[in-house]
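Analysis of the macromolecular model
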Amino acid sequence: MSEQKLDGIKIKPNDLNRVLRYVFSDDLKMEYFPIHPIKYHNLATETVDKHAKSDRAKTTALICRDSKKILETYTYADLSDLSNRFALYLKSLGVKRGDVVACLCNQGFQTAISQLGAYKIGAIFAPFPPLEQKNIVIHALNECQAKAFITQRSLWDSCEKAPGIFNKDFTVIMSGKCCKSEVPFARGFAKPARGFEAEITPSDAAVILLYSSNIDKKVL
């Protein structure tokens, strides 16, 4: 088979066949089908745990820099263990498979571990960018019916002052000084997670919930 073009894009058969099977429908649109369809899949185990169990276990997987420009590095083995612990912490707070875990944190360790921990128990992760308008964050929290919400003190304090009806039917996991009814983020790593096994989830299960900044302000 010679090289073909589809909507002006060149397709090399050798490259394409190496990864995908393909068929052309009557209207000449390309449809893709995996060679080996995966029925069950967990993003956390695929991105972290499989490397933690290999010769890459001590390889640096995450580099974070805090507000004081102090660098912290984490290996695949570190992330695997810490996310297992945090996953158990989420379960102890009543978060179950299919529940939403929301997160409003600056990019760094808290966001990474929250996402991995959520995936390991089959939960759906809903990240909110710190620069997002606070009334939009409040609307998203109310709408997604999160069971747990990981955040940082300064970001959360500004959200609580935002206008709008606020439904607090979730556990606030705070990175920083906790107020009444909040639980500390750091407690998520206090207990070892020996024998923990991540949920085996269908490959088509929802894993992430994203909100656009174009939400109609009238619904807030």
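Nothing here was measured: the structure is a model prediction, and the numbers come from that model. (Residues numbered from 1 in each chain as written. Predicted model: local features only at pLDDT ≥ 70, side-chain atom pairs only at ≥ 80, totals over all residues. Heavy atoms only, no water.)

Observations concerning the overall build of the protein
Regarding its fold elements, the protein presents 6 helices and 11 strands. Residues counted as buried form 41% of the 220 residues belonging to the protein. Across the protein, every contact between residues at least 6 apart in sequence was considered, and the portion connecting residues at least 24 apart equals 64%. Element-wise, carbon and sulfur atoms account for 53% of the exposed surface of the protein, whose accessible area totals about 13600 Å². (Helix = DSSP H or I, 4+ residues; strand = E, 2+ residues; numbered from the N terminus. Buried < 20%, exposed > 50% of the residue type's maximum accessible area, 1.4 Å probe, protein only. Contact = heavy atoms within 4.5 Å. Areas by Shrake-Rupley, 256 points an atom, 1.4 Å probe, with all protein chains shown as cover.)

Focus on the packing of aromatic side chains
Scanning the model with the defined rule gives 12 aromatic pairs in all. With 5.3 Å between their ring centres and 70° between their planes, phenylalanine 185 and phenylalanine 189 make a pair best called edge-to-face. Here phenylalanine 185 matches phenylalanine 189 in class, with each residue buried. Chaining the aromatic ring pairs together yields one cluster made of Tyr74, Phe86, Tyr89, Phe109, Phe185 and Phe189. (Phe/Tyr/Trp six-rings, centres within 6.5 Å; stacked < 30°, edge-to-face > 60°.)

What to know about the nonpolar core
In this structure, Phe86, Leu90, Phe109, Ile150 and Ile173 are the most contacted members of the largest nonpolar core, which totals 33 residues. Those elements giving two or more residues to this core turn out to be helix H2 (43-52), strand E5 (60-65), helix H3 (76-92), strand E7 (100-104), helix H4 (109-120) and strand E9 (148-152). If we skip the residues at most four places from it in the chain, phenylalanine 109 touches Leu62, Cys64, Tyr74, Leu82, Phe185 and Phe189. (Core = buried A, V, L, I, M, F, W, Y, C linked by side-chain atoms within 4.5 Å.)

Structural notes on the sheet that holds E7
Pairing within the open sheet is parallel, and its 5 strands lie in the order E8-E7-E9-E10-E11. Strands with a single pairing partner mark the edges of an open sheet, and in this sheet they are strand E8 (124-127) and strand E11 (183-184). Bridge analysis of E7 against E9 gives 4 bridges, and the strand direction is parallel. Looking at E9, one finds that valine 101 is bridged to alanine 148. Set on the sheet, H4 makes contact with E7, E8, E9 and strand E10 (171-175); between it and E8 the angle comes to about 155°. (Pairing = 2+ DSSP bridges. Axes fitted to C-alpha atoms, helices over the stretch in contact; angles between N-to-C directions.)

Let's talk about the environment of alanine 61
Structurally, the position occupied by alanine 61 is in strand E5. Judged by relative accessible area, which is 31%, alanine 61 ranks as partly exposed. Taking the C-alpha atoms as reference points, alanine 61 and aspartate 78, separated by 17 residues in sequence, lie 8.8 Å from one another. Not counting residues within four places of it along the chain, the set of residues in contact with alanine 61 comprises Tyr74, Thr75, Tyr76 and Leu79.

A few points about the pattern of salt bridges
Under the criterion given, the structure shown has 7 salt bridges. Across the pair aspartate 49 and lysine 120 runs a salt bridge whose closest N-O atoms are separated by 2.9 Å. Of the two residues, aspartate 49 sits in helix H2 while lysine 120 sits in helix H4, which places them 71 residues apart along the sequence. Like aspartate 49, the residue lysine 120 is buried in the burial classification. Between aspartate 157 and arginine 153 there is a salt bridge, with the nearest N and O atoms lying 3.1 Å from each other. Taken as a pair, aspartate 157 and arginine 153 lie in helix H6 (residues 153-160) at a separation of 4 residues, close to a single helical turn. A relative accessible area of 30% places aspartate 157 in the partly exposed class. With relative accessibility at 17%, the residue arginine 153 sits in the buried group. (Salt bridge = Lys/Arg side-chain N within 4 Å of Asp/Glu carboxyl O.)

With respect to unusual backbone geometry
Residue glutamine 145 is not a glycine yet carries a positive backbone phi of 55°. Structurally, the position occupied by glutamine 145 is in the loop between helix H5 (134-144) and E9. Look at serine 181: it is not a glycine, yet its phi comes out positive at around 80°. For serine 181, a relative accessible area of 64% corresponds to the exposed category.

Here's the deal with the packing of H2 against H3
Viewed as axis vectors pointing N to C, H2 and H3 meet at an angle of 120°, and their least axial separation amounts to 8 Å. On the basis of the axis angle, H2 is oblique to H3. H2 and H3 meet at a crossing whose hand is left-handed. Here Thr47, Val48, Asp49, His51 and Ala52 of H2 lie close against H3, whose contacting residues are Tyr76, Ala77, Leu79, Ser80 and Asn84. (Parallel < 35°, antiparallel > 145°, perpendicular 65-115°, else oblique. Left-handed = near helix turned anticlockwise from the far one by under 90°.)

Such coordinate-based values are descriptive only and should not be taken to indicate function.
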